[in-house]
Amino acid sequence: MSGLSLALEQRLVNAWPSFEVELADGWLLRFADGYSKRANSASPILPGARLDAELVDQIATSFSARGIPVCFRLTGIEAEGTGDLLGACGFVDHDPTMALVAPLHEGLTLDPSITLTATPTSRWVIAAAAAVGGDKAAHDTLAKILTRIRQPAAFATLALDGEEAAWGYAVCERGYVGIYDIVVSAELRGLGLGRRLVSGLMSWGRASGATRAYLQMRESNDVAFALYRSLGFEVAYRYRHRIVAGSRKG
């Protein structure tokens, strides 16, 4: 699955931009003030990308210089044995994640309760960040990431009884639509709003020329996995994060 992994990982870089990047022997280092693992990690971008202890130290130094904990994303593109090497260097598994893919069919429709904008409004960013909460509540940093998107995008807000209730966005690039940051107000979860929102963004993707949708989610989120499976998503590949033992990564 390395071909599909590489195709989706490339699109991820464009759909969730970082503030700085570095290249290191087949590894892409991304930095965004520590906001999310996706934009603050080292990922393989060449099939068979290798690591050795010296390169691990070099990459760790780049992250340390920015005050960001070093994180490696192992997507299956890297050389065999890379996980073992990182383990020997003191890195441990963290937050196993899945990438899912689904075909886009004709029956998809945009729910009339969903409003789409081509760019993230201040209202959307503040509301979405607040709904996520925790270390992702920094709406200023989220805005800096989202305003760097250059591909066609749709930022969705779903209203329930006239009140904003769920948020998410999608990015369309080269036949795929990526679904990102789906969040529902805590007091309104379990009402099917997430399904309506994802379906709406898939519909937008199809209308924008995509034939397949993709997304990434934590393996531990059984509720979300059941939702996505019901919408036709299947596991394309799994990836692991590796962080230094004892460190914490959002």
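Further up the page is the structure itself.
All residue numbers refer to positions counted from 1 along the written sequence of the respective chain. Residue-level local features of this predicted model are given only where pLDDT is at least 70; pairs of side-chain atoms are given and counted only at 80 or more, and the full residue set underlies all totals for whole chains, interfaces and linings. Remark: hydrogens and water are excluded; side-chain values derive from all non-hydrogen atoms of the structure.

Give a detailed account of helix H1 (residues 2-15), specifying residues and quantitative values.
Counted at 1.5 Å a residue, the expected span for H1 with its 14 residues is 20 Å, and the 20 Å between its end C-alpha atoms agrees. Listed as buried for H1 are Leu4, Ser5, Leu6, Ala7, Leu8, Glu9, Arg11, Leu12 and Ala15. The helix and strand labels rest on DSSP assignments: H or I over at least four residues marks a helix, E over at least two residues marks a strand, and numbering proceeds from the N terminus. To estimate how far a helix should reach, multiply one less than its number of residues by 1.5 Å. When accessible area is computed with a 1.4 Å probe and restricted to protein chains, residues below 20% of their type maximum are described as buried, those above 50% as exposed, and intermediate ones as partly exposed.

Break down the pairing of strand S10 (residues 212-218) for me, citing the residues and quoting the values.
Counting buried residues along S10, 5 of its 7 residues qualify, which places the element largely inside the surrounding structure. Pairing between strands is defined by DSSP: at least two bridges between them are needed. Two elements, strand S5 (residues 91-103) and S10, share 7 bridges in a ladder whose sense is antiparallel. From the neighbouring strand, threonine 97 faces S10, where its bridge partner is arginine 218. Note that strand S9 (residues 176-184) and S10 share 3 bridges and pair parallel.

So what's going on with the pattern of salt bridges? Which residues, and what values?
What counts as a salt bridge is simple: a side-chain nitrogen of Lys or Arg found within 4 Å of a carboxyl oxygen of Asp or Glu. Scanning the entire structure with this criterion turns up 13 salt bridges. One salt bridge in this structure joins glutamate 22 and arginine 66, with 2.9 Å as the shortest N-O distance. Of the two residues, glutamate 22 sits in strand S1 (residues 20-24) while arginine 66 sits in the loop between helix H2 (53-65) and strand S4 (71-74), which places them 44 residues apart along the sequence. Arginine 66 gets classed as partly exposed once you look at its relative accessible area, which sits at 28%. Across the pair aspartate 181 and arginine 38 runs a salt bridge whose closest N-O atoms are separated by 3.0 Å. Separated by 143 residues along the polypeptide, aspartate 181 in strand S9 and arginine 38 in the loop between strand S2 (27-31) and strand S3 (42-44) bring together distant segments of the chain. Of the residues examined, arginine 38 reaches a relative accessible area of 17% and is grouped as buried. Overlapping salt bridges, with partners in common, bring together Glu20, Glu22 and Arg66 in one network.

If you had to explain the side chain of threonine 97 to someone new, which residues and values would you point to?
Counting through the fold element by element, threonine 97 comes out in strand S5. Of the polar contacts made by the side chain of threonine 97, one reaches the backbone oxygen of aspartate 95; its length is 2.9 Å. When residues no more than four places from it in sequence are discounted, the contact partners of threonine 97 are Gln216, Met217, Arg218, Glu219, Arg238, Tyr239 and His241. Two N or O atoms form a polar contact when they lie within 3.5 Å of each other; inside protein one atom must be a possible hydrogen donor and the other a possible acceptor, and for residues adjacent in sequence the pair counts only when both atoms belong to side chains. Contacts are residue-level and defined by heavy atoms, with any inter-residue pair within 4.5 Å sufficient.

Just give me the short version of the layout of surface pockets, but keep the residues and values in it.
Where empty space is left in the structure can be found by rolling a water-sized probe over the atoms. Put simply, the grid is 1 Å and covers the protein atoms alone, a cavity is a trapped set of points that fit a 1.4 Å probe, a pocket is an open set with protein on both sides within 12 Å along at least five of seven lines, and lining residues have an atom within 4 Å of a point. Grid points are joined across faces, edges and corners, and a volume is the space filled by probe spheres set on the points. By volume, the largest pocket amounts to about 1200 Å³. Taken together, 41 residues make up the lining of the largest pocket; nearest its centre are Asp181, Ile182, Val183, Asn221 and Tyr228. Listed by contribution, the elements that provide at least two residues to the lining of the largest pocket are S5, helix H4 (122-132), S9, helix H6 (193-207), S10, helix H7 (222-230) and strand S11 (234-244). With 6 residues, S9 is the single largest residue contributor to the lining of the largest pocket. Basically, the charged four are Asp, Glu, Lys and Arg, the nonpolar ten are Ala, Val, Leu, Ile, Met, Phe, Trp, Tyr, Cys and Pro, and anything else, Gly included, counts as polar. Per-class residue counts for the lining of the largest pocket are 23 nonpolar, 9 polar and 9 charged. The computed volume of the second largest pocket comes to approximately 150 Å³. Those elements giving two or more residues to the lining of the second largest pocket turn out to be strand S6 (114-117), H4, strand S7 (153-160) and strand S8 (163-173). Residue contributions to the lining of the second largest pocket peak at 3 residues, all from S7. For the lining of the second largest pocket, the residue count by class is 4 nonpolar, 5 polar and 2 charged.

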